Amino acid sequence: MLRSYEQADVLALLKGWAGGQDGVLAMLLTSTRAVPQAAVDRLSDYDVILVVHNILPFHADRTWLQAFGDVLVGYWDPIQPAEGSDILAFGNVIQYADGLKIDFTLWPVELLQRIVGEPKLPAELDAGYLVLLDKDGLTKDLPAPTCTGYIPTRPTEEIYQKTIEDFFSDAPYAAKCLWRGELLPLKWCLDYDMKHLFLRQMLEWHIECDHSWSVAPGALGKGLKKWLRPELWAELESTYVAALPEDNWDALLRTIALFRRAAREVGEQLRYPYPEYLDERVTNYVKQIRVLAPQG
């Protein structure tokens, strides 16, 4: 049965467990529950960094996870170098049967020591963190978060133009898949590649232009509905359809239209030229495929 947990109770559970583990030296809370003024609900994750003497026992013997409840399902990263480092670490995503979800990241103490000595925090910590436990004072010199981690930076003109080119390079393939009746490749190209990779990026830049480059949109576009202008969000919603070919042709063209609008407005704000000629040629090509006679 799903339970409604108070955050204070979960943090007390985490700290109590870590305090009794000789191999755990420090524990930090990151992400939504550590970010000031972030919206939190009963299903919000607890993102926890465990700083340990040795990460290997925690990866090999997973029974320690049962201290927090009945594990419903979990995902485990391989042991690999931490981002921007040659020091090995790993993470997991653990969903408990009663609704509690904890994402654990396991760091060896050497990784935290290196971060403490660097001039800038990694984005995960700079977005916001809380020290839940520190047995040996390892975090005493850790800089305070600026709470600006994950706020997008202004793209260079080269990055802006490449995002546009990459978006339009997908459109002919999406049209070909539609003409052939290849639903799964179409959906991968249209709903993932074109929308999630390139349209989402352009919409996030659009949000930053509207908010003076001060907003963290959230992972996987989760903040788009909150931060986008309502009419842009409505246009985005209209690009998601089911399996009917004509609906998907319309969705493809609506996706191109929304991307065009957002990219033009971002370009105006950043004073970058929008490649109208590329847009016009690719859009016309897509329309020609749409009226092409079906295969015999």
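As shown above, the structure is provided for reference.
Residues numbered from 1 in each chain as written. Predicted model: local features only at pLDDT ≥ 70, side-chain atom pairs only at ≥ 80, totals over all residues. Heavy atoms only, no water.

**With respect to the overall build of the protein chain**
Inference 1: Scanning the protein chain from N- to C-terminus turns up 10 helices and 7 strands.
Inference 2: Projected onto its principal axes, the C-alpha positions of the protein chain cover 70 × 45 × 35 Å.
Inference 3: Residue pairs in contact within the protein chain that sit at least 24 positions apart in sequence constitute 63% of those at least 6 positions apart.
Inference 4: Total accessible area on the protein chain is roughly 15800 Å²; 54% of this is exposed by carbon and sulfur atoms.
Inference 5: Averaged over its 29 positive side-chain charges, the protein chain has a centre that lies 4 Å from the centre of its 42 negative ones. (Helix = DSSP H or I, 4+ residues; strand = E, 2+ residues; numbered from the N terminus. Contact = heavy atoms within 4.5 Å. Areas by Shrake-Rupley, 256 points an atom, 1.4 Å probe, with all protein chains shown as cover. Lys, Arg positive; Asp, Glu negative; His and termini not counted. Charge placed at Lys NZ, Arg CZ, Asp CG, Glu CD.)

**Quick word on empty space enclosed by the protein**
Inference 1: Evaluated as defined, the whole model comprises 1 cavity of 30 Å³ or more.
Inference 2: For the largest cavity, the calculated volume is near 80 Å³.
Inference 3: Taken together, Arg-3, Tyr-5, Arg-33, Arg-42, Leu-43, Ser-44, Tyr-46, Gly-99, Leu-100 and Lys-101 make up the lining of the largest cavity.
Inference 4: Its residues placed into classes, the lining of the largest cavity shows 4 nonpolar, 2 polar and 4 charged. (1 Å grid on protein atoms, 1.4 Å probe; cavity = no way out; pocket = protein on both sides within 12 Å on 5 of 7 lines; lining within 4 Å. Points joined across faces, edges and corners; volume = space filled by probe spheres on them. Nonpolar A, V, L, I, M, F, W, Y, C, P; charged D, E, K, R; others polar.)

**Re the packing of helix H5 (residues 157-180) against helix H10 (residues 276-290)**
Inference 1: Their axes nearest at 9 Å, the elements H5 and H10 cross at an angle of 5°. Comparing their axes, H10 and H5 come out roughly parallel. Across from Ile-164, Glu-165, Phe-168, Ala-171, Pro-172, Ala-175, Lys-176 and Trp-179 in H5, the residues of H10 making contact are Leu-278, Asp-279, Val-282, Thr-283, Tyr-285, Val-286 and Ile-289.
Inference 2: Across the contact of H5 with H10, the residue classes break down as 11 nonpolar, 1 polar and 3 charged. (Axes fitted to C-alpha atoms, helices over the stretch in contact; angles between N-to-C directions. Parallel < 35°, antiparallel > 145°, perpendicular 65-115°, else oblique.)

**So, the side chain of Glu-208**
Inference 1: The topology assignment puts Glu-208 in helix H6 (residues 183-210).
Inference 2: Excluding residues that lie within four positions of it along the chain, Glu-208 makes contacts with Ile-151, Pro-152, Trp-213, Ser-214, Val-215 and Pro-217.

**Overview of the packing of aromatic side chains**
Inference 1: Going through the model one piece at a time under the given rule, you end up with 11 aromatic pairs.
Inference 2: Considering the side-chain rings of Trp-64 and Phe-104, the 5.1 Å spacing of their centres and the 70° angle between planes classify their relative orientation as edge-to-face. Taken together, the positions of Trp-64 in the loop between helix H2 (56-60) and strand E3 (71-76) and Phe-104 in strand E6 (residues 101-108) put the pair 40 residues apart, joining distant regions of the chain.
Inference 3: With a centroid separation of 5.5 Å and an interplanar angle of 50°, the aromatic rings of Tyr-160 and Tyr-272 are classed as tilted. With Tyr-160 in helix H5 and Tyr-272 in the loop between helix H9 (245-270) and H10, this pair connects stretches of sequence that are 112 residues apart.
Inference 4: Through a chain of ring-to-ring contacts, the aromatic side chains of Trp-17, Phe-58, Trp-64, Phe-68 and Phe-104 assemble into a single cluster. (Phe/Tyr/Trp six-rings, centres within 6.5 Å; stacked < 30°, edge-to-face > 60°.)

**Describing the nonpolar core**
A general trend in soluble globular proteins is that nonpolar side chains are found buried together.
Inference 1: One finds Tyr-160, Met-194, Met-202, Leu-252 and Phe-259 to be the most contacted residues of the largest nonpolar core, which totals 41 residues.
Inference 2: Among the secondary structure elements, those contributing two or more residues to this core are H5, H6, helix H8 (230-237), H9 and H10.
Inference 3: Once residues within four sequence positions are removed from consideration, Tyr-160 is found in contact with Pro-155, Met-202, Trp-205, Ala-263, Arg-264, Val-266, Gly-267, Tyr-272, Pro-273 and Tyr-274. (Core = buried A, V, L, I, M, F, W, Y, C linked by side-chain atoms within 4.5 Å. Buried < 20%, exposed > 50% of the residue type's maximum accessible area, 1.4 Å probe, protein only.)

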